[in-house]
Amino acid sequence: MSEVFSAVATAVELVVGLDPDLVEIVALSLKVSLSAVLIAAMVGLPLGAAVALVKFPGRRGAVILLNAAMGLPPVVVGLIVYLLLSRSGPLGEMGVLFTPTAMVIAQSILVMPIIAALTRQTISDLHEEYDEYLCSLGAGHLQRISTLLWDGRFRLLTGLLAGFGRASAEVGAVIIVGGNINHVTRVMTTTIALETSKGNLNLALALGIVLIILAASVNAAAVLIGDAASKRYG
Amino acid sequence: MQKCFCVAACFVGMLVFNLGVASDEQPFIVLASTTSTENSGLFDYILPEFTRDSGIQVRVVAVGTGQAIRLASSGDADVLLVHHRPSEDAFVAEGLGVRRYPVMHNDFVLVGPATDPASVIGETDILQAMQAIARSEALFASRGDDSGTHKKELSLWAEAGVAPAADSGTWYRETGSGMGATLNTAVAMGAYVLSDRATWASFGNKGELEIVLEGDARLFNPYGVILVNPKRFAHVRASQGQAFIDWLVSPRGQALIAAYAIDDAPVFFPDTMVDE
């Protein structure tokens with residue numbers, strides 16, 4: 001138990017002292033994961049809504065596939081993205097392996113199915129409430145998708161947060177495609193893995209505490225903004 | 001509300017844009033290397049000096065020797081710094097690397113529980129010690145990850161005439177992990193483990209383990225550095241990579257390697273300094 005207390009003390013020290021290395025690592029973690037969520041949202045929101053609203057053959061299969069893809073193993077995604085981005089791979093020309101860009105690509109792939117699957121569920125539920133209204137408008141697919149996405153925006157926030165949680169907590173993909181390079185691709189989770197392997201368990205646990213606080217703050221901020229906005233705009 | 005969303009989207013968009021341009025302000029090389037050089041703190045000590053001297057940033061991807069060689073073989077690194085001579089020579093012979101330069105050396109140590117269940121303390125012959133571990137079926141943690149240390153361990157077992165793979169899962173435990181993770185496992189299990197001296201010296205979670213055998217000439221651990229062949233991979237940053245190699249084997253680089261110490265003890269010994 002004393003180890004946990006000393007880890008908490010180390011965590012407080014790191015945060016209060018604004019350790020420059022820690023600030024850099026936290027900033028990169030946020031940058032990478034938020035970028036991945038943004039990209040995944042641009043694909044996942046319309047995709048999820050389309051699967052919810054458009055009837056097409058094989059839709060049940062698509063739903064099952066989306067739900068299953070929420071559990072994509074990060075290490076497998078990392079490996080596939082590595083093989084694609086390697087100089088010997090099909091996208092090697094881009095030269096983005098071991099850069100933050102590669103990490104964003106891997107995390108976007110991990111996060112997209114989460115956002116798409118949760119969006120599909122949310123939009124499905126909303127659709128039942130709105131069906132008559134939309135029919136009376138004679139709305140087409142595109143209009144239905146955009147209307148429901150806009151009306152469900154506060155509920156959809158949960159999906160985005162789940163995606164952010166997944167992205168900021170995973171280590172398997174970013175350590176393969178980022179390489180955990182100091183000052184270039186080192187993020188919170190890869191730092192924790194590194195410090196654990198150096199036997200600095202105390203520091204590793206302290207960084208873990210910082211990561212949890214960070215995730216909690218992002219969630220709290222999103223919930224508060226959502227609450228305030230939904231009160232003002234219904 | 002729409003405004004609010006737009007502001008948020010713009011903010012995140014700026015982050016993304018920032019990512020795209022952040023990477024090319026300084027010349028850099030990618031160095032595929034082993035966990036021992038990174039975890040021991042050597043790179044943190046010498047690389048900033050190289051960057052100050054040359055203006056070139058060194059991006060270290062620290063993995064096991066086997067994986068480092070595979071990275072370099074795919075053209076995903078500019079320079080390779082590893083510790084398994086036969087693999088290094090093969091890398092050059094296949095034309096993947098230009099030339100191997102000796103950089104530094106240290107040694108492997110056999111680490112084990114202070115209670116010494118296989119009675120190897122006092123033994124000076126590593127092969128005898130490993131036979132004693134196998135005979136007593138005392139726990140032994142193996143890297144099992146095709147790293148330089150793993151390859152070394154396997155060659156020692158072979159020399160000792162023991163085939164531990166048959167007992168994998170009983171007393172012989174293959175962690176399939178890096179040196180540090182394997183040391184953490186060995187500490188928790190009270191197992192013997194072969195480690196490079198630098199990683200052990202800098203390891204922060206030694207628990208009840210200590211060095212039980214060192215100094216056998218077979219435990220010699222040489223590191224070599226190789227430029228990935230630009231004739232095979234046109235994108236290799238050859239001039240910067242060669243500049244790094246030249247600096248490492250120069251008197252300045254070698255002196256810095258010699259000066260690096262953990263608890264006042266040097267952990268790497270330069271290869272090309274004459275007054276060693």
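Here the residue index of a chain counts from 1 through its sequence in written order. Chain letters and ligand numbers both follow the written order, the letters beginning at A and the numbers at 1. Totals for whole chains, interfaces and linings use all residues, but because this is a predicted model, local features are given only for residues with pLDDT of at least 70 and pairs of side-chain atoms are given and counted only at 80 or more.

**So, the overall build of chain B**
Rules: Numbering goes from the N terminus for both helices and strands, where a helix is a DSSP run of H or I of at least four residues and a strand is a run of E of at least two. What counts as a contact here is a pair of residues whose C-beta atoms, placed from the backbone, lie within 7 Å.
Counting secondary structure elements, chain B contains 11 helices and 12 strands. Taking all contacts inside chain B whose residues are at least 6 apart in sequence as the whole, residues at least 24 apart take part in 74%.

**Considering the overall build of chain A**
For the record, the criterion: Remark: C-beta atoms are placed from the backbone, and a residue is labelled buried if 20 or more other C-beta atoms sit within 10 Å of its own, exposed if 12 or fewer do, or partly exposed between those counts.
Counting its regular elements, chain A contains 10 helices and 0 strands. Taken from the N to the C terminus, the helices and strands of chain A come in the order α-α-α-α-α-α-α-α-α-α. Here the C-alpha coordinates of chain A stretch approximately 65 × 50 × 30 Å along the principal axes. With 234 residues in all, chain A has 44% of them scored as buried.

**Brief notes about the environment of Pro266(B)**
All names here are of chain B. Turning to its location among the elements, Pro 266 is positioned in strand E11 (residues 265–266). Here Pro 266 falls in the partly exposed class, since 16 other C-beta atoms lie within 10 Å of it. Residues contacting Pro 266, with those up to four places away along its chain left out, are Ala 258, Tyr 260 and Ala 261.

**Some remarks on the interface of chain A and chain B**
Interface size, as often reported, equals the accessible area lost upon joining of the parts. Quick reminder of the rule: All residues other than Ala, Val, Leu, Ile, Met, Phe, Trp, Tyr, Cys, Pro, Asp, Glu, Lys and Arg, Gly among them, are scored as polar; the first ten of these are nonpolar and the last four charged.
The interface of chain A with chain B comprises 25 residues on the first partner and 28 residues on the second. Elements with a contribution of two residues or more to the side of chain A that touches chain B: helix H2 (20–53), helix H5 (100–137) and helix H10 (201–233) of chain A. When residues of the side of chain A that touches chain B are assigned to their parent elements, the largest contribution, 4 residues, is made by H2(A). Per-class residue counts for the side of chain A that touches chain B are 11 nonpolar, 11 polar and 3 charged.

**Comments concerning the pairing of strand E3 (residues 79–82) of chain B**
Remember that side chains alternate between the two faces of the sheet whenever the strand is regular. Residues and elements named next belong to chain B. Defined as follows: Strands are treated as partners if at least two bridges between them are detected by DSSP.
A two-sided burial pattern is seen for E3, the buried positions comprising Val 79 and Leu 81 on one face and Leu 80 and Val 82 on the other. Bridge count for strand E1 (residues 28–33) against E3 is 3 bridges, and the pairing is parallel. Bridging from a neighbouring strand, Ala 32 pairs with Leu 80 of E3. Two strands pair when backbone bridges link them, and E3 and strand E9 (residues 220–228) are joined in this way by 4 bridges, in the antiparallel orientation.

**Let's talk about the domain arrangement of chain B**
Residue and element names in this part refer to chain B. Rules: The source of the domain bounds is an automatic or database domain assignment.
For chain B, the assigned domains are domain 1 (25–106 + 222–270) and domain 2 (107–219). Taken residue by residue, the interface counts 19 residues in domain 1 and 15 residues in domain 2. Elements with a minimum of two residues in the side of domain 1 that touches domain 2: helix H2 (35–39) and helix H4 (65–73). Considering each element in turn, the side of domain 1 that touches domain 2 owes the most residues, 3 residues, to H2. For the side of domain 1 that touches domain 2, the per-class residue count stands at 6 nonpolar, 12 polar and 1 charged.

**Some points on the confidence of the model for chain B**
Rules: Values of pLDDT, ranging from 0 to 100, describe the predictor's confidence in every residue of the model.
Mean pLDDT over chain B stands at 91; residues scoring 70 or higher make up 89%. At the level of chain-chain contacts, confidence expressed as ipTM amounts to 0.82, with global pTM at 0.87.

**Considering the nonpolar core**
We count it as follows: To form a nonpolar core, buried Ala, Val, Leu, Ile, Met, Phe, Trp, Tyr and Cys residues must be joined through C-beta atoms within 7 Å.
Ala106(A), Val177(A), Val79(B) and Leu80(B) are the most contacted members of the largest nonpolar core, which totals 138 residues. By residue number, the principal contributor to this core is H5(A), which donates 16 residues. Taken domain by domain, this core gets at least three of its residues from each of domain 1 (25–106 + 222–270) and domain 2 (107–219) of chain B. The contacts of Ala106(A), once residues within four sequence positions are left out, are Val77(A), Gly78(A), Val81(A), Ala173(A), Val174(A) and Val177(A).

**What to know about the pairing of E1(B)**
All names here are of chain B. Across the 6 residues of E1, 5 count as buried, placing the element largely inside the fold. The pairing of E1 with strand E2 (residues 57–62) spans 6 bridges and is classified as parallel. From the neighbouring strand, Ile 29 faces E2, where its bridge partner is Val 58.

**A few points about unusual backbone geometry**
Trans peptide bonds make up the majority, and among non-glycine residues the majority have a negative phi. Of note in this structure, Asn180(A) is not a glycine but carries a positive phi near 55 degrees. Topologically, Asn180(A) is positioned in the loop between helix H8 (172–178) and helix H9 (188–197). Positive phi values are uncommon outside glycine, yet Glu137(B) reaches one of about 55 degrees. Position of Glu137(B) relative to the elements: it lies in the loop between helix H6 (126–136) and strand E5 (140–142). The class of Glu137(B) is partly exposed, set by 13 C-beta atoms lying within 10 Å.

**Some remarks on helix H7 (residues 153–169) of chain A**
All names here are of chain A. Keep this limit in mind: A helix's residues, less one, multiplied by 1.5 Å, set its expected span.
Spanning 17 residues, H7 covers 24 Å between terminal C-alpha atoms, matching the ideal 24 Å at 1.5 Å per step. Those residues of H7 that fall on the buried side of the exposure criterion are Leu 156, Gly 159, Leu 160, Leu 161, Gly 163, Phe 164, Arg 166, Ala 167 and Ser 168. Those residues of H7 that are buried lie in contact with H2, H5 and H10.

**Thoughts on the environment of Phe98(A)**
Tracing the chain through its elements places Phe98(A) in the loop between helix H4 (74–85) and H5. Phe98(A) gets classed as buried once you count the C-beta atoms within 10 Å, which come to 27. Along the sequence, Phe98(A) and Tyr82(A) sit 16 residues apart, while their C-alpha atoms lie 9.1 Å from each other. With sequence-adjacent residues up to four places away left out, Phe98(A) is seen in contact with Gly178(A), Gly179(A), Ile181(A), Thr185(A), Val30(B), Arg59(B) and Val61(B).

**Side note on the environment of Leu85(A)**
All names here are of chain A. With respect to the helices and strands, Leu 85 occurs in helix H4. Given 24 C-beta atoms within 10 Å, Leu 85 falls into the buried group. With near-sequence residues (within four places) excluded, Leu 85 lies in contact with Leu 91, Gly 92, Met 94, Val 96, Leu 97, Ala 102 and Val 177.

**What to know about the packing of H2(A) against H5(A)**
Residues and elements named next belong to chain A. Formally: Axis geometry follows a simple rule: fit a line to the C-alpha atoms, using only the stretch in contact for helices, then measure angles between N-to-C directions, giving values from 0 to 180 degrees. In this scheme the crossing of two helices becomes right-handed for a clockwise turn of the near helix relative to the far one and left-handed for an anticlockwise turn of less than a right angle.
Contact geometry for H2 and H5: axes closest at 5 Å, N-to-C directions at 35 degrees. Considering how the two elements wind past one another, H2 and H5 form a crossing that is right-handed. Residues of the contact of H2 with H5, tallied by class, amount to 23 nonpolar, 9 polar and 2 charged.

**Concerning H5(A)**
Residues and elements named next belong to chain A. In plain terms, the rule: A residue's bend is the angle separating two fitted axes: one through the seven residues that end there, the other through the seven that start there.
End to end, H5 covers just 46 Å across 38 residues, shorter than the expected 56 Å (1.5 Å per residue, more than 12% under). Helix geometry: H5 is bent most strongly at Tyr 130, by close to 65 degrees. Two residues or fewer past H5, Gly 138 is found with a positive phi of approximately 65 degrees.

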